[in-house]
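These are the residues of each chain, in order.
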Amino acid sequence: MSRKTREEQRDAEFTEYLAVRQPTLLRTAYLLTGDRHQAEDILQTSLAKLYLAWDKVHDRGAVDAYVRRIMVNENNSLWRRAWKKREWATDEVPEGAPHHDHYDDGTNDQLWAVVQTLPPKARSVVVLRYYEQMSEAEVADALGISVGTVKSQCSRALSALRERVPAELHPRYGEESTS
């Protein structure tokens, strides 16, 4: 097979992967960052890194895990960058209206605001475990930590969330019987 044909095949495979997985990966990036623009930046960087390593990823079934790992690393490294520490809030928002998913009835926005109060690593565990519905072993593998660390991070994060969730969002709210 000629070099050009291999490159064309690689590009076709990568393009097909993007067409199928990009919306889901953007959702994961958003859940990790809590900001659509940061999510797009992280996803773009992650996909560029994936493209460069595409020939090295022999197990095509593990591509999603590989990209999620890149996204988590990119998100964590954002918090270490000096420019991030120089950002400040302003009274005027330069962008237009925020993007809202169509299935959101308003409860998700309120709950997500509480999830965003978690530290980045705990939020990564919660996002991968509960939003992406990955097993503890898959989360551990994606983050490069032990299953025990995933369990303890989840336990602490869920405990913190239970304390911080407003009463009207609590699952047991309004379930009291009137007998």
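We now turn to the structure provided with this report.

Scoring rules and cut-offs
- Residues numbered from 1 in each chain as written.
- Predicted model: local features only at pLDDT ≥ 70, side-chain atom pairs only at ≥ 80, totals over all residues.
- Heavy atoms only, no water.
- Buried < 20%, exposed > 50% of the residue type's maximum accessible area, 1.4 Å probe, protein only.
- Helix = DSSP H or I, 4+ residues; strand = E, 2+ residues; numbered from the N terminus.
- Expected span 1.5 Å × (residues − 1).
- Arc of directions from axis to C-beta.
- Polar contact = N/O pair within 3.5 Å; in protein donor to acceptor, adjacent residues only side chain to side chain.
- Phe/Tyr/Trp six-rings, centres within 6.5 Å; stacked < 30°, edge-to-face > 60°.
- Axes fitted to C-alpha atoms, helices over the stretch in contact; angles between N-to-C directions.
- Parallel < 35°, antiparallel > 145°, perpendicular 65-115°, else oblique.
- Left-handed = near helix turned anticlockwise from the far one by under 90°.
- Contact = heavy atoms within 4.5 Å.
- Nonpolar A, V, L, I, M, F, W, Y, C, P; charged D, E, K, R; others polar.
- Lys, Arg positive; Asp, Glu negative; His and termini not counted.
- Salt bridge = Lys/Arg side-chain N within 4 Å of Asp/Glu carboxyl O.

1. Describing helix 6 (residues 120-131)
An α-helical turn contains 3.6 residues, so a residue and the one three or four places further along point in the same direction.
Reasoning step 1: Along helix 6, the residues that are buried comprise Ala122, Arg123, Ser124, Val125, Val126, Val127 and Leu128.
Reasoning step 2: Once helix 6 ends, the next one or two residues include Gln133, with phi positive near 55°.

2. Description of helix 2 (residues 36-53)
Reasoning step 1: The terminal C-alpha atoms of helix 2, which comprises 18 residues, lie 25 Å apart, in line with the 26 Å expected from a rise of 1.5 Å per residue.
Reasoning step 2: Those residues of helix 2 lying buried are Gln38, Ala39, Ile42, Leu43, Ser46, Leu47, Leu50 and Ala53. Angularly, the buried residues of helix 2 cover 160° about the axis, an arc narrow enough to put them on a single face. Projecting away from the buried face of helix 2 at angles above 90 degrees are the exposed residues Gln44 and Leu52.
Reasoning step 3: N-cap assignment for helix 2: the residue whose side-chain oxygen lies 3.2 Å from the backbone N of His37 is Asp35.

3. Looking at the packing of aromatic side chains
Reasoning step 1: Tallied over the full model, the rule gives five aromatic pairs.
Reasoning step 2: Ring geometry for Phe14 against Tyr51: centres 5.1 Å apart, planes inclined by 70°, an arrangement best described as edge-to-face. Residue Phe14 is located in helix 1 (residues 3-33), and its partner Tyr51 is located in helix 2; the two are separated by 37 residues in the primary sequence.
Reasoning step 3: Taking relative accessible area as the criterion, Phe14 reaches 8% and is therefore assigned buried.
Reasoning step 4: Aromatic side chains Tyr17 and Trp54 sit 5.7 Å apart centroid to centroid with 50° between the ring planes, which places their arrangement in the tilted category. Here the residue Tyr17 occupies a position in helix 1, and Trp54 occupies one in the loop between helix 2 and helix 3 (63-78), the gap between them amounting to 37 residues. Considered together, Tyr17 and Trp54 belong to a single accessibility category, that of buried residues.

4. A few points about the packing of helix 6 against helix 7 (residues 136-143)
Reasoning step 1: Interhelical geometry of helix 6 versus helix 7 gives an angle of 135° and a closest axis separation of 9 Å. Accordingly, the angle class assigned to the pair helix 6 and helix 7 is oblique. The chirality of how helix 6 crosses helix 7 is right-handed. Seen from helix 6, the contacting residues are Ser124, Val125, Leu128 and Arg129; seen from helix 7, they are Glu136, Val139, Ala142 and Leu143.
Reasoning step 2: The residue makeup of the contact of helix 6 with helix 7, split by class, is five nonpolar, one polar and two charged.

5. Quick notes on the side chain of Arg123
Reasoning step 1: Tracing the backbone shows Arg123 in helix 6.
Reasoning step 2: Lacking a salt bridge, the buried Arg123 has Asp35 as its closest oppositely charged neighbour, with an N-O distance of 10 Å.
Reasoning step 3: A polar atom in the side chain of Arg123 sits 2.8 Å from the backbone oxygen of Leu32.
Reasoning step 4: Apart from the residues within four sequence positions on either side, Arg123 is in contact with Leu31, Leu32, Thr33, Trp112, Val115, Gln116 and Leu118.

6. Observations concerning the packing of helix 7 against helix 8 (residues 147-164)
Two quantities define a packed helix pair, namely the angle between the helix axes and the distance between the axes.
Reasoning step 1: Where helix 7 meets helix 8, the closest approach of the two axes is 8 Å, and the angle between their N-to-C directions is 105°. Comparing their axes, helix 8 and helix 7 come out roughly perpendicular. Of helix 8, the residues touching helix 7 (which contributes Glu136, Ala137, Val139 and Ala140) are Val147, Val150 and Lys151.
Reasoning step 2: Across the contact of helix 7 with helix 8, the residue classes break down as five nonpolar, no polar and two charged.

7. With respect to the pattern of salt bridges
Reasoning step 1: On inspection of all chains with the given rule, the structure shows seven salt bridges.
Reasoning step 2: Put simply, Glu13 and Arg60 hold a salt bridge, and the shortest N to O gap is 3.1 Å. Taken together, the residues span a long stretch of sequence, with Glu13 in helix 1 and Arg60 in the loop between helix 2 and helix 3 at a distance of 47 residues.
Reasoning step 3: When its relative accessible area of 37% is taken as the criterion, Arg60 is described as partly exposed.
Reasoning step 4: Here Arg21 and Asp64 are joined by a salt bridge, their closest N and O atoms 2.8 Å apart. Within this pair, whereas Arg21 is found in helix 1, its partner Asp64 is found in helix 3, the two being separated by 43 residues in sequence.
Reasoning step 5: According to the relative accessible area criterion, Arg21 is partly exposed, its value standing at 21%.
Reasoning step 6: Taking the relative accessible area as the measure of exposure, Asp64 reaches 18% and is therefore buried.
Reasoning step 7: Each of Arg10, Asp11 and Asp55 takes part in salt bridges that share partners, so that together they form one network.

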